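Examination of the molecular architecture
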Amino acid sequence: MKTAVLICPGRGTYNRAELGTLARTFPDPALMARFDAARRETGRETLTELDGAARFSQAKHGRGDAAAGLIYAATYGDMLNLSEEIEVVAVTGNSMGWYTTLAAAGAVTPEVGFDITTTMGAMMQDNGQGGQTLYPHMGEVWLPDPTAKQRLMDLVAEVSNRPNHVLALSIDLGGTLVLAGNEAGLAAFEAEVAPHDRFPMRLPAHAGFHSPLVQTVSDAALAHFSPDLFGQPNLPMIDGRGQTWWPGATDTKALWDYTFDHQVTRPYDFTRAIAVAAREFAPDLFIVTGPGTTLGGAVAQSLILTNWSGLTSKAAFQSRQAANPILISMGREEQRGLVTKGP
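Summary of the structure given here. (Residues numbered from 1 in each chain as written. Predicted model: local features only at pLDDT ≥ 70, side-chain atom pairs only at ≥ 80, totals over all residues. Heavy atoms only, no water.)

**Some remarks on the pattern of salt bridges**
Here is the rule we go by: Whenever Lys or Arg places a side-chain nitrogen within 4 Å of a carboxyl oxygen from Asp or Glu, that contact is recorded as a salt bridge. Helix numbers and strand numbers start at the N terminus; a helix is a DSSP run of H or I with at least 4 residues, a strand a run of E with at least 2. Each residue is assigned to one of three classes by its accessible area relative to the maximum for its type, calculated with a 1.4 Å probe on protein chains only: buried under 20%, partly exposed between the two thresholds, exposed over 50%.
For the structure shown, the criterion picks out 13 salt bridges. Residue Glu111 pairs with Arg34 through a salt bridge whose shortest N-O separation is 2.6 Å. A residue pair is termed long-range when its members are at least 10 positions apart, and Glu111 in helix H7 (residues 110–127) and Arg34 in helix H2 (residues 29–41) qualify at 77 residues. Exposure remark for Arg34: the relative accessible area of 41% places this residue in the partly exposed category. Measuring nitrogen to oxygen at the nearest pair gives 2.8 Å for the salt bridge that ties Glu190 to Arg202. Here Glu190, found in helix H9 (residues 183–192), pairs with Arg202, found in strand E6 (residues 201–202); they are twelve residues apart in sequence, far enough to count as distant.

See the structure below:
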């Protein structure tokens, strides 16, 4: 038996390569039928239709409600596929992954989690303002560089003080800053940082998540969802502040409020969530559910920034992975079989 922290990915992880993921891996046909029925009732294409499309379309699969539903189902299905030899001791996630965390930990039912995820995705698509861009503060060898990070944050602050410019930290994502802003703010930042590989990288079909730019979405969500949907989690949950919500000791009204207020409109500190997961629960494994494989690097960088288990650089992490893996990305076929009982 190995202990594990389960990590749920957010938007941007279901792309062309992930088409067909649910058909290959989702283990519960009855639950998928309920997800499909919920989408059909609101006039949306079902997950089965989206996942089974002949080709990937960013315009269709990348829409807020579609992307959110596909990612949620792939993540929840991966949790169901975990081997009985894996003991999940805590759950956390990145950004939209918080909604999946709620269901994976049992604070809401799978169906309620799916409704929250799909509804929030649709609200962001229809009413979310602004956008997001990414830029790294760690180099190729993943050495912590607090000075480089501070320089970038100083630039963010300076740009945000310009007239008609909005720019703020959206997600602290391991070695990368995800910034939210209006077009003027994002464009100014992108023009003033040095081009580096693919960065700065503007994210398609993303609003200014985790910032005041989506305050109207928060207001609508608080009015739409009842606190009664939330119950005590079965597993500890680590949120985007690094706070742990414990089974039997969770204020469910506060959990509802955090989910639709703070979590929506203020920065999401994924790096801190991973640090707390490592220090508080000391798991044998950090398991990143599918779809996709993009979140693994941010988890590894977060562990390096935490100096977890002697991990100080990319080389140290790779050496540890080769000898005794501590990070499993279920989107990687060669790693998936290490923790699953099924496909």
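**Considering the sheet that holds strand E10 (residues 285–288)**
What counts here: DSSP bridges decide pairing: two strands pair if at least two such bridges lie between them. Any pair of residues with heavy atoms lying within 4.5 Å of one another is described as a contacting pair. Angles run from 0 to 180 degrees between N-to-C directions of axes, and those axes are lines fitted to C-alpha atoms, restricted for helices to the stretch in contact.
A sheet is described by the order of its strands in space; here six strands give the open sequence E8-E7-E2-E1-E10-E11, paired in mixed fashion. Edge positions in the sheet fall to strand E8 (244–245) and strand E11 (327–329), since each of these pairs with one other strand and no more. Across three bridges, E10 lies against E11 in parallel orientation. Each bridged residue has a counterpart across the sheet, and for Val288 the counterpart in E11 is Ser329. Contacts from helix H6 (residues 97–104) reach strand E1 (2–8), strand E2 (86–93), strand E7 (237–238) and E8 within the one sheet, and its direction differs from that of E2 by about 145°.

**Overview of the packing of helix H8 (residues 146–160) against H9**
Rules: Under this scheme an angle from 65 to 115 degrees is roughly perpendicular, one under 35 degrees roughly parallel, and one over 145 degrees roughly antiparallel; angles in between are oblique. By definition, turning the near helix anticlockwise from the far helix through less than a right angle yields a left-handed crossing, and turning it clockwise yields a right-handed one. Residue classes follow a fixed rule: Ala, Val, Leu, Ile, Met, Phe, Trp, Tyr, Cys and Pro count as nonpolar, while Asp, Glu, Lys and Arg count as charged, and any other residue, Gly among them, counts as polar.
The N-to-C vectors of H8 and H9 enclose an angle of 140°; their axes lie 10 Å apart at closest approach. By the angle class used here, H8 and H9 are oblique. Seen along the crossing, H8 lies across H9 with a hand that is right-handed. Facing Leu152, Leu155, Val156, Glu158 and Val159 of H8, the residues of H9 in contact are Gly185, Ala188, Phe189 and Glu192. Considering only residue class, the contact of H8 with H9 consists of six nonpolar, one polar and two charged.

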